[in-house]
Amino acid sequence: MSDDRLADAADDGSADDLTHTTEDGDVQMVDVGDKPDSERRAVAAGEIRLQPATIEAIRADEVGKGDVLATARVGAIQAVKHTWETIPMCHQIPITNVDTEFALDEDRIELRVTVETTGKTGCEMEALEGVTTGLNVVWDMVKAVEKDADGQYPDTGVEDVRVVTKEKRRT
């Protein structure tokens, strides 16, 4: 979105105040110090498209690098805990719970990551980071069998990453 469109959106009330920018257009971290603590929960999901033979190898735990889903679960949780280090304007928040859920279909794996915290800001970015990293770990674990004869990945793709729900309850 152009700077003019951003300014117009803020002026006409169609967008919240653009608190990540100063009046001069410089980026800044939002000051959440005066906000009350709230119980917060976010669920994000996404999927990785794979060859059916790869899905079967994952189900049978026959991937040479090891247990794909266990490794992806660890990667997703680690990403949640380190989101503040990779997204420049995210606050470091106290993560109280992370849940990962994999669903295997014939040609894809869906990953849902639920993140919970009690604090002054939401946790949807943490959930999104968990999903994208978890799916990237799956890709890394199976890339040897997903490559075609030219070393490309025509059947592989991370898709439909999104926030499913976001909740906030005052404590």
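Here we summarise the structure given alongside this text. (Residues numbered from 1 in each chain as written. Predicted model: local features only at pLDDT ≥ 70, side-chain atom pairs only at ≥ 80, totals over all residues. Heavy atoms only, no water.)

## Here we look at the overall build of the chain
Per the secondary structure count, the chain includes five helices and four strands. Going from the N terminus to the C terminus, the chain shows its helices and strands as α-β-α-α-α-β-β-α-β. Counting every atom, the chain has about 10000 Å² of accessible surface; 46% of that belongs to carbon and sulfur. (Helix = DSSP H or I, 4+ residues; strand = E, 2+ residues; numbered from the N terminus. Areas by Shrake-Rupley, 256 points an atom, 1.4 Å probe, with all protein chains shown as cover.)

## A look at unusual backbone geometry
Of note in the backbone geometry, Asp61 takes a positive phi value of approximately 55° without being a glycine. Position of Asp61 among the secondary structure elements: in the loop between helix H2 (52-59) and helix H3 (68-81). Its identity as a non-glycine residue notwithstanding, Asp160 has a phi of 55°, on the positive side. Topologically, Asp160 is positioned in strand S4 (residues 157-170).

## Side note on the sheet that holds strand S3 (residues 108-119)
Taking strand neighbours across the sheet as the criterion, the four strands line up as S2-S3-S1-S4 in an open arrangement whose pairing is antiparallel. The sheet is open, and its two borders are formed by strand S2 (95-104) and S4, each paired with just one other strand. Each strand of the sheet is rotated relative to its neighbour by a mean of 15°, with strand direction disregarded. When S2 meets S3, the two strands line up antiparallel, connected through nine bridges. By the bridge assignment for S3, Thr100 is matched with Val113. (Pairing = 2+ DSSP bridges. Axes fitted to C-alpha atoms, helices over the stretch in contact; angles between N-to-C directions.)

## Some words on the side chain of Glu126
Assignment of secondary structure puts Glu126 in helix H5 (residues 124-146). No salt bridge is formed by the buried Glu126. Its closest oppositely charged neighbour is Arg40, at 9.7 Å. Setting aside residues up to four positions removed in sequence, Glu126 forms contacts with Val80, Thr83, His91, Ile93, Ile95 and Val115. (Buried < 20%, exposed > 50% of the residue type's maximum accessible area, 1.4 Å probe, protein only. Lys, Arg positive; Asp, Glu negative; His and termini not counted. Salt bridge = Lys/Arg side-chain N within 4 Å of Asp/Glu carboxyl O. Contact = heavy atoms within 4.5 Å.)

## Observations concerning the packing of aromatic side chains
For the coordinates displayed, the defined rule picks out one aromatic pair. Aromatic pair Trp139 and Tyr153: ring centres 5.4 Å apart, planes at 75°, arrangement edge-to-face. You can see Trp139 sitting in helix H5 and its partner Tyr153 sitting in the loop between H5 and S4, a full 14 residues away along the chain. For Tyr153, a relative accessible area of 26% gives the class partly exposed. (Phe/Tyr/Trp six-rings, centres within 6.5 Å; stacked < 30°, edge-to-face > 60°.)

## A few points about the nonpolar core
Leu50, Ile58, Val68, Ile109, Val113, Val138 and Val142 are the most contacted members of the largest nonpolar core, which totals 28 residues. At the level of elements, strand S1 (38-49), H2, H3, S3 and H5 are the ones that each hand at least two residues to this core. The element contributing the most residues to this core is H5, with eight residues. Setting aside residues up to four positions removed in sequence, Val138 forms contacts with Ile48, Leu50, Val68, Ala72 and Ile109. (Core = buried A, V, L, I, M, F, W, Y, C linked by side-chain atoms within 4.5 Å.)

So yeah, pure geometry; function would need other evidence.
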